[in-house]
Amino acid sequence: MLTIDISQPDQEFMQIASSSAWAGFKIESRRLPVADFILSYKVGRKKADPHVDLVGIESKKWNDLLGSIAEKRVQRQLTRLQAAFPRADGKVACLLVRGEYEESSWEVNAMKRHIKVRSGSSYRETGWSVGEVAGFLLKCQDRGIKVLRLENENDLPYFLRWVYDHYARSRGKATSFFSGSEVLLAQLDCIPGIGPDRAALLVKEGKTLQGVQRMKDLRLVELLGPAAANAVVKALKVIR
């Protein structure tokens, strides 16, 4: 099953839905709290068995990616994505970089060469160096985000199908878990009614996910209020 965020262009949805690569698959479009594409896999062989969201893909074209790095927007998006698709549960968070770029200078040091990205039928100077872009993508990899590259936009349906088939072979196998305050903050921020400010209070007080789970009901109410405290307890499935 493939779910596409409603913010993606209509022609992109139609391109994928009408492609032979996804014939026989369920494809839907809806508002997603994180990711632009979600790949879901059926658990069990019975017709009534549910689909489980396994792979979350944040999709960025080069122009959007470079602008969002400068604004620190993509960093927040990827942290939330990683929190929603933790490796501890055998899930995968991916960054898909789409489009073409080329080096625009003859600098001897290859990492210092600036890059141009395709914009329509021509290329646009970005002011970014090869090293800066490569460094960001390597940092994503180090944090457990799988970086995918797609140059030809017309290949998007087939590429997404390739990713689907690739992870179908290893679904449900948990790997090492990336822990840290940024991921915990994003996990708590995703709980309805919490938001970044309340999430920051919980991280400061509890330090770790286990620390937040061990917090007393009264202290949670003092920090968040009754409704938000109850939402945290339910979301973290804490046994009281």
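Keep in mind the model is a prediction, meaning the values are calculated, not measured.

(A) Broad picture of the sheet that holds strand E3 (residues 37–42). On the basis of which strands lie adjacent, the open sheet formed by six strands has the order E2-E1-E3-E4-E5-E9 and mixed pairing. Since the sheet does not close on itself, it has two edges, and those belong to strand E2 (27–30) and strand E9 (146–150), each with one partner. Going across the sheet, the axis of each strand differs from the next one's by a mean of 25 degrees, ignoring polarity. Of the pairings in the sheet, the one linking strand E4 (residues 51–61) to strand E5 (residues 92–98) comprises seven bridges and is parallel in character.

(B) Region of interest: the side chain of threonine 79. Here threonine 79 lies in helix H3 (residues 73–84). A relative accessible area of 10% places threonine 79 in the buried class. Of note is the side chain of threonine 79, whose polar atom sits 2.8 Å from the backbone oxygen of glutamine 75.

(C) How the structure looks around the nonpolar core. Counting residues in hydrophobic clusters, the biggest one holds 25 residues, and the most contacted among them are Leu66, Leu78, Leu95 and Phe136. If you list the elements that add at least two residues to this core, you get helix H2 (62–70), H3, E5, strand E7 (114–119) and helix H4 (130–142). Ranked by residue count, the leading element in this core is H4, at five residues. When residues no more than four places from it in sequence are discounted, the contact partners of phenylalanine 136 are Leu65, Ile69, Val74, Gln75, Leu78 and Leu95. One finds Leu2, Phe37, Ile57 and Tyr164 within the second-largest nonpolar core, a separate group that totals 23 residues.

(D) Fine view of the pattern of salt bridges. Counted by the stated rule, this structure contains nine salt bridges. Each of Glu58, Lys60, Asp64 and Arg73 takes part in a single network of salt bridges with overlapping partners.

(E) Fine view of the environment of leucine 150. Note that leucine 150 resides in strand E9. Sequence separation between leucine 150 and valine 97 is 53 residues; the distance between their C-alpha atoms is 6.2 Å. The contacts of leucine 150, once residues within four sequence positions are left out, are Leu96, Val97, Arg98, Gly99, Asp155, Leu156 and Phe159.

Cut-offs applied
Residues numbered from 1 in each chain as written. Predicted model: local features only at pLDDT ≥ 70, side-chain atom pairs only at ≥ 80, totals over all residues. Heavy atoms only, no water. Pairing = 2+ DSSP bridges. Helix = DSSP H or I, 4+ residues; strand = E, 2+ residues; numbered from the N terminus. Axes fitted to C-alpha atoms, helices over the stretch in contact; angles between N-to-C directions. Buried < 20%, exposed > 50% of the residue type's maximum accessible area, 1.4 Å probe, protein only. Polar contact = N/O pair within 3.5 Å; in protein donor to acceptor, adjacent residues only side chain to side chain. Core = buried A, V, L, I, M, F, W, Y, C linked by side-chain atoms within 4.5 Å. Contact = heavy atoms within 4.5 Å. Salt bridge = Lys/Arg side-chain N within 4 Å of Asp/Glu carboxyl O.

Read these as spatial facts, not as claims about activity.
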